[in-house]
Amino acid sequence: MSLDYDVFVVDPKPIPSAVPGFEEAVGTATWPPSTATLIRDGDRAVLVDCLITERESRELAAWVKSHDCELGYVYITHPHADHLLGLPQILAAFPAARPVALAESIPAMQEQISPGYMQVWAGFFPDQLTREPVAPGPLAGDTIAIGGTTATVIPVGTTDTGHSSVVHVPSLGLVVSGDVVYNQTHMWLAGSMPDSRASWARALDAVAALPSDTLIAGHRHPQAADDDARRQIDESRQYLADFEQALARSTTPAELIDRMTAAYPDLANPYTLWVAAYDLLGTRT
Ligand SMILES: [Zn+2]
């Protein structure tokens, strides 16, 4: 039995549009395509992130079962509900699995599953979410044992949210990046500030310094070219730099959307770009 990994992929999901003109210009608003990654050594395994709706996380649990392994841990890379709310379905299928995350990320995860936030998430996914959300506990140290192998958790600070991390498995040359690196998908920049975007660029430098060939992004284009680590890190760096420049030259959401769409016509989930543009340049009331 040997060390390997496998990726569960979820296509973009329709959500109600909250930005003017999107549906007329582009089509149905969608939540980004998402992944969850299973890393296993022999019959022991770790799942990294666990999606958001009840249905997809139940399917994820069945998919993990089909790998004939015992799930030791579920690691959540960062405090965003779309990587976290599937936890009850995974734990129902694997009651012995321990859900863990960076200790410093847990207050924000608890906030994500608070009644107020759950109402917000239910607005995106009506009647599709767990009614009994759970938060992970703190990971002790910075490693996760998987059979005879060790995965290392690397905290990288703020990216598209605070307290982000990636999982590195040196013996596989593998990084599982959560939202730190995106694969041919618009990056979530709504709510970002110059400081947070600079922090995200530093986080990409930290990931680039890890010896790895393969990188599984939390958000991956359904027809992504590959999972090449270098390509994705370089493209994510370029996207951030291009966004910064386009933002500086734009005064309206439409200008920013036009500039970024011209530069990135084929990325998955353009709705993400529109939300960022209206958040950063829309009229405030
Ligand atoms: Zn995400």
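Before reading on, note that the structure itself is shown above.
Predicted model only: the values in this text are computed from it and were never measured.

**Student:** Sorry if this is basic, but what is going on with the packing of helix H8 (residues 253-263) against helix H9 (residues 270-281) here?
**Tutor:** Contact geometry of H8 with H9 gives a least axis separation of 8 Å together with a crossing angle of 145°. Between H8 and H9 lies a crossing of right-handed hand. Contact residues: H8 offers Pro253, Leu256, Ile257, Met260 and Thr261, while H9 offers Leu273, Trp274, Ala277, Tyr278 and Leu281. Partitioned by chemical class, the residues of the contact of H8 with H9 number 9 nonpolar, 1 polar and no charged.

**Student:** Please clarify how the pattern of salt bridges should be interpreted in this entry.
**Tutor:** If the charged atoms of two oppositely charged side chains come close together, the side chains can form a pair. For the structure shown, the criterion picks out 10 salt bridges. When the shortest N-O distance is used, the salt bridge between Glu59 and Arg55 registers 3.3 Å. With Glu59 and Arg55 both in helix H2 (residues 54-65) and 4 residues apart, this pair spans about one turn of that helix. What makes Glu59 partly exposed here is its relative accessible area of 39%. Asp234 is the salt-bridge partner of Arg237, the closest N and O atoms lying 3.6 Å from each other. Of the two residues, Arg237 and Asp234 both sit in helix H7 (residues 229-248), 3 residues apart, roughly one turn of that helix. The exposure class of Asp234 is partly exposed, given its relative accessible area of 36%.

**Student:** Honestly, the packing of aromatic side chains in this entry has me stumped. Any pointers?
**Tutor:** Aromatic ring pairs are defined here through the distance separating the ring centres and the angle between the ring planes. As enumerated under the stated definition, the model contains 13 aromatic pairs in all. Ring geometry for Phe124 against Phe125: centres 6.4 Å apart, planes inclined by 45°, an arrangement best described as tilted. For Phe124, a relative accessible area of 24% gives the class partly exposed. Judged by its relative accessible area of 1%, Phe125 is buried. By the ring-pair criterion, three or more aromatic residues cluster together here, those being Trp31, Trp121, Phe124, Phe125 and Trp188. Sitting above the plane of the Phe94 ring, Lys65 keeps its charged end 4.6 Å from the centroid.

**Student:** I tried to follow the sheet that holds strand E9 (residues 143-146) on my own but got confused; where do I start?
**Tutor:** Ordered by their spatial adjacency, 5 strands build an open sheet running E9-E10-E11-E12-E13, and the pairing between neighbours is mixed. If you trace the sheet from one side to the other, it starts and ends with E9 and strand E13 (214-216), each paired once. Going from strand to strand, the sheet's axes swing by 25° on average, the running direction of each strand aside. As paired elements, E9 and strand E10 (residues 149-157) share 4 bridges and run antiparallel to each other. Along E10, the bridge assignment pairs Thr143 with Thr152. Sheet strands touched by helix H6 (residues 194-208): E10, strand E11 (164-169), strand E12 (174-176) and E13. Its angle to E10, the strand with the most contacts, is close to 155°.

**Student:** Please explain the coordination of the zinc ion as it appears in this structure.
**Tutor:** Tetrahedral coordination by four donors sets the ideal angle at the metal to 109.5 degrees; octahedral coordination by six donors sets it to 90 or 180 degrees. Ligation of the zinc ion by protein atoms is provided by His83 (NE2), Asp179 (OD), Asp179 (OD) and His219 (NE2), these donors lying 2.1 to 2.5 Å from the ion. Each of the 4 donor atoms around the zinc ion contributes to a set of angles spanning 53 to 115°, which defines the coordination as irregular. Using a relative accessible area of 2% as the deciding quantity, one classes His83 as buried.

**Student:** Please clarify how unusual backbone geometry should be interpreted in this entry.
**Tutor:** Negative phi values dominate among residues other than glycine, just as trans dominates among peptide bonds. One non-glycine residue, Asp49, adopts positive backbone phi at about 70°. By secondary structure assignment, the location of Asp49 is in the loop between strand E5 (44-48) and H2. A relative accessible area of 2% means that Asp49 is categorised as buried. Phi is positive for Leu51, close to 65°, though the residue is something other than glycine. Tracing the backbone through its elements, the reader meets Leu51 in the loop between E5 and H2.

**Student:** Would you take a moment to explain the environment of Asp142 for this structure?
**Tutor:** In this structure, Asp142 sits in the loop between strand E8 (137-138) and E9. Taking relative accessible area as the criterion, Asp142 reaches 43% and is therefore assigned partly exposed. Between the C-alpha atom of Asp142 and that of Glu104, which follows or precedes it by 38 residues, the distance is 12 Å. Ignoring any residue separated from it by four or fewer positions in sequence, one finds Asp142 in contact with Ala151, Thr152 and Val153.

The rules behind each value
- Residues numbered from 1 in each chain as written.
- Predicted model: local features only at pLDDT ≥ 70, side-chain atom pairs only at ≥ 80, totals over all residues.
- Heavy atoms only, no water.
- Axes fitted to C-alpha atoms, helices over the stretch in contact; angles between N-to-C directions.
- Helix = DSSP H or I, 4+ residues; strand = E, 2+ residues; numbered from the N terminus.
- Left-handed = near helix turned anticlockwise from the far one by under 90°.
- Contact = heavy atoms within 4.5 Å.
- Nonpolar A, V, L, I, M, F, W, Y, C, P; charged D, E, K, R; others polar.
- Salt bridge = Lys/Arg side-chain N within 4 Å of Asp/Glu carboxyl O.
- Buried < 20%, exposed > 50% of the residue type's maximum accessible area, 1.4 Å probe, protein only.
- Phe/Tyr/Trp six-rings, centres within 6.5 Å; stacked < 30°, edge-to-face > 60°.
- Lys NZ or Arg CZ within 6 Å of the ring centre and 35° of its normal.
- Pairing = 2+ DSSP bridges.
- Donors = N, O, S within 2.8 Å, 3.2 Å for Na, K, Ca; no water.
- Tetrahedral: all angles 85-135°; square planar, octahedral: opposite > 155°, others 65-115°.

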